[in-house]
Amino acid sequence: MPVRIMQPGHLSLTNGLATTSSVTVPRRLGRVWSRLLSYPTHVTGNPSLQCNSDAESFGEHKDDTIDISKLTEVKQKLKLVGINCDDSCIPGRYAHLLCPKCKGGGQSLERSLSVHIIQDGDFAMWRCFRVDCGWAGRAFAGGTNIRKVMSSRQVAEKSLGLEPLGGKLIAYLGERMISEGTLQRNSVMQRLHDQAIAFPYWHNGVLVGCKYRSMERKFRQEKGTEKWLYGLDDINEAAEVIIVEGEIDKLSVEEAGFQNCVSVPSGAPPKVSNRELPPQEKDTGYQYLWNCKEHLDKVSRIILATDADTPGHALAEELARRLGKDRCWRVRWPKKDEFSYFKDANEV
């Protein structure tokens with residue numbers, strides 16, 4: 001039987017109602033994980049990237065959230081790159097069209113291009129799911145500069161030179177308490193030429209990027225690909241999401257019994273910015289949030305489990321500014337000894 005830990009009631013600024021939250025913790029987690037999840041810090045503030053508070057968590061949003069002028073502009077920009085939106089291109093839904101790059105595979109006329117216009121009409125994303133094409137990109141409303149239309153290249157396990165993890169890396173990750181089952185479920189591999197750990201990034205079952213980690217803790221991301229949250233497909237149906245600072249932390253949280261966890265792709269900033277939030281198309285350091293906006297809009301509570309250091313605190317603050325502070329909670333990692341705290345999920 002799981003242990004249910006009730007959180008103290010908090011005041012929601014969006015509707016003025018006091019609510020009570022809870023976290024379900026598997027009994028096998030033991031004392032440390034139960035402690036860290038029983039002491040989140042709830043912060044309040046103005047929402048930014050969250051959904052309309054009047055909409056249902058997994059239902060359709062109200063039509064009055066659509067900005068018609070932005071929607072028209074986004075469709076015009078899609079047309080400039082050859083994407084002609086038909087009546088199926090409804091904001092908030094996925095449409096399947098003929099790809100202008102591969103022409104639907106020639107005579108097959110396969111509608112392989114998935115086009116998704118964000119609910120409020122701010123921007124659109126597209127990707128061709130034909131193996132020999134993979135054309136992808138996004139277009140933003142705002143301004144007249146056509147360079148706001150960007151594309152990313154197709155990636156595949158074979159083209160990246162990936163192979164199954166060898167015994168050395170399995171043993172290394174095992175020492176960090178990551179089981180082979182978790183590695184397999186997340187398709188963790190290694191790069192053929194240097195045996196770096198490879199963390200594939202998936203979106204709707206399609207490989208969209210990859211990040212590498214050497215034994216010397218050097219990181220590199222595959223060039224020419226869009227940035228997404230790692231583990232994105234694990235939160236498709238989640239009402240509550242945990243966000244961590246690294247791929248191994250995401251795997252660690254899964255080992256503790258929580259699959260509704262994602263990791264940021266690019267670490268933490270050195271400090272909190274004192275500037276106002278930039279518009280979406282210029283928010284380059286956090287573009288992965290905007291790419292995943294449709295997934296995050298559905299979430300009612302976000303648990304920020306970033307590292308217990310200055311950059312980790314800065315990352316949590318920057319994420320909360322964009323996600324809406326009224327639905328964000330912080331994990332306070334437990335004390336390691338009299339003088340220090342655990343740093344992150346994997347160390348816990």
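Described below are features of the structure shown in this document. (Residues numbered from 1 in each chain as written. Predicted model: local features only at pLDDT ≥ 70, side-chain atom pairs only at ≥ 80, totals over all residues. Heavy atoms only, no water.)

### Some words on the pattern of salt bridges
If charged atoms from side chains of opposite charge come close, those side chains can pair.
Link 1 in the chain: Inspection of every chain in the model, using the stated rule, returns 21 salt bridges.
Link 2 in the chain: Residue Lys-211 is joined to Glu-247 by a salt bridge in which the shortest nitrogen-to-oxygen separation is 3.4 Å. Here the residue Lys-211 occupies a position in strand β14 (residues 206–213), and Glu-247 occupies one in helix α5 (residues 247–255), the gap between them amounting to 36 residues.
Link 3 in the chain: On the basis of relative accessibility, which here comes to 8%, the residue Lys-211 falls in the buried class.
Link 4 in the chain: Judged by its relative accessible area of 3%, Glu-247 is buried.
Link 5 in the chain: Between Glu-240 and Arg-301 there is a salt bridge, and its shortest N-O distance comes to 2.9 Å. With Glu-240 in strand β16 (residues 240–244) and Arg-301 in strand β18 (residues 301–305), this residue pair connects regions lying 61 residues apart in the sequence.
Link 6 in the chain: Here Glu-240 falls in the partly exposed class, since its relative accessible area comes to 22%.
Link 7 in the chain: The structure contains a network of salt bridges with shared partners spanning Arg-185, Asp-234, Lys-250 and Glu-254. (Salt bridge = Lys/Arg side-chain N within 4 Å of Asp/Glu carboxyl O. Helix = DSSP H or I, 4+ residues; strand = E, 2+ residues; numbered from the N terminus. Buried < 20%, exposed > 50% of the residue type's maximum accessible area, 1.4 Å probe, protein only.)

### Points about the environment of Glu-157
Link 1 in the chain: For Glu-157, the position within the fold is in the loop between β10 (150–152) and β11 (162–164).
Link 2 in the chain: Using a relative accessible area of 32% as the deciding quantity, one classes Glu-157 as partly exposed.
Link 3 in the chain: The sequence separation of Glu-157 and Pro-200 amounts to 43 residues, and the corresponding C-alpha distance is 8.5 Å.
Link 4 in the chain: Ignoring anything within four residues of it in the chain, the contact list for Glu-157 reads Leu-162, Met-189, Trp-202 and Leu-207. (Contact = heavy atoms within 4.5 Å.)

### Let's talk about the sheet that holds strand β12 (residues 189–191)
Link 1 in the chain: In spatial order, the strands read β11-β12-β13-β14-β15; together these five strands make up an open sheet with antiparallel pairing. The open sheet has two edge strands with one neighbour each: β11 and β15 (219–221). Between one strand and the next, the sheet's axes are offset by a mean angle of 40°, whatever the strand orientation.
Link 2 in the chain: In the packing of α5 onto the sheet, contacts are made with β13 (197–203) and β14, and the angle to β13 comes to roughly 75°. (Pairing = 2+ DSSP bridges. Axes fitted to C-alpha atoms, helices over the stretch in contact; angles between N-to-C directions.)

### Structural notes on the side chain of Asp-249
Link 1 in the chain: Along the chain, Asp-249 turns up in helix α5.
Link 2 in the chain: For Asp-249, which is buried and forms no salt bridge, the nearest opposite charge comes from Arg-176, at a distance of 6.0 Å.
Link 3 in the chain: Discounting residues that sit within four places of it in the chain, Asp-249 has contacts with Val-244, Asp-307, Asp-344, Ala-345 and Asn-346. (Lys, Arg positive; Asp, Glu negative; His and termini not counted.)

### Notes on the environment of Pro-270
Link 1 in the chain: Within the element layout of this structure, Pro-270 appears in the loop between β17 (261–263) and α6 (287–291).
Link 2 in the chain: Judged by its relative accessible area of 66%, Pro-270 falls in the exposed class.
Link 3 in the chain: The spacing of Pro-270 and Leu-315 is 45 residues in sequence and 8.4 Å in space, taken between C-alpha atoms.
Link 4 in the chain: Filtering out sequence-adjacent residues up to four positions away, Pro-270 remains in contact with Thr-310, Pro-311 and Ala-314.

### Quick notes on the pairing of strand β8 (residues 123–128)
Link 1 in the chain: Burial runs high along β8: six of the six residues are buried.
Link 2 in the chain: Because side chains alternate across β8, one face comprises the buried residues Phe-123, Met-125 and Arg-127, and the other comprises Ala-124, Trp-126 and Cys-128, equally buried.
Link 3 in the chain: Both strand β7 (residues 113–117) and β8 contribute to a ladder of five bridges, which runs antiparallel. Bridge pairing in β8 places Val-115 opposite Trp-126.
Link 4 in the chain: The hairpin turn running from β7 into β8, its antiparallel successor, is five residues long, and Gly-121 in that turn takes a positive phi close to 85°.
Link 5 in the chain: Where β8 meets strand β9 (residues 136–140), five bridges bridge the pair, whose relative direction is antiparallel.

### Brief notes about the nonpolar core
Link 1 in the chain: Within the largest apolar cluster, 42 residues are counted, with the highest numbers of intra-cluster contacts made by Leu-173, Val-188, Ile-243, Tyr-288, Leu-304, Leu-319 and Leu-323.
Link 2 in the chain: Elements supplying a minimum of two residues to this core: β8, α3 (167–175), β13, β16, α5, α6, β18 and α8 (310–323).
Link 3 in the chain: Counting residues per element, this core draws most heavily on α8, which supplies five residues.
Link 4 in the chain: Leu-173 has contacts with Leu-165, Ile-178, Leu-183, Ile-197 and Ile-248, leaving out every residue within four places of it along the chain.
Link 5 in the chain: If you look at the next biggest cluster of nonpolar residues, it comprises 20 residues, including Leu-71, Ile-83, Ala-124 and Ala-139. (Core = buried A, V, L, I, M, F, W, Y, C linked by side-chain atoms within 4.5 Å.)

### Here we look at helix α2 (residues 68–80)
Link 1 in the chain: Here α2 is 13 residues long and its end C-alpha atoms lie 19 Å apart, about the 18 Å a rise of 1.5 Å per residue gives.
Link 2 in the chain: Considered for burial, the residues of α2 that qualify are Leu-71, Val-74, Lys-77 and Leu-78. Taken end-on, α2 shows its buried residues confined to a sector of 125°, consistent with a single buried face. Turned more than 90 degrees away from the buried face of α2, the exposed residues are Ile-68, Ser-69, Lys-79 and Leu-80.
Link 3 in the chain: Check the buried side of α2 and you find it contacts β7, β8 and β9.
Link 4 in the chain: Directly after α2, the chain includes Gly-82, whose backbone phi takes a positive value near 100°. (Expected span 1.5 Å × (residues − 1). Arc of directions from axis to C-beta.)

### Overview of the packing of aromatic side chains
Link 1 in the chain: Scanning the entire structure with this criterion turns up five aromatic pairs.
Link 2 in the chain: Consider the rings of Trp-126 and Trp-135, whose centres lie 5.3 Å apart with planes at 50°: the pair is tilted.
Link 3 in the chain: Classification of Trp-126 by relative accessible area gives buried; the value is 3%.
Link 4 in the chain: Aromatic side chains Phe-199 and Tyr-230 sit 5.9 Å apart centroid to centroid with 80° between the ring planes, which places their arrangement in the edge-to-face category. With Phe-199 in strand β13 and Tyr-230 in the loop between β15 and β16, the pair connects residues that are 31 residues apart, well separated along the chain.
Link 5 in the chain: Looking at Tyr-230, the relative accessible area reads 2%, which means it is buried.
Link 6 in the chain: An aromatic cluster of at least three residues, connected via ring pairs, comprises Phe-199, Tyr-201 and Tyr-230. (Phe/Tyr/Trp six-rings, centres within 6.5 Å; stacked < 30°, edge-to-face > 60°.)

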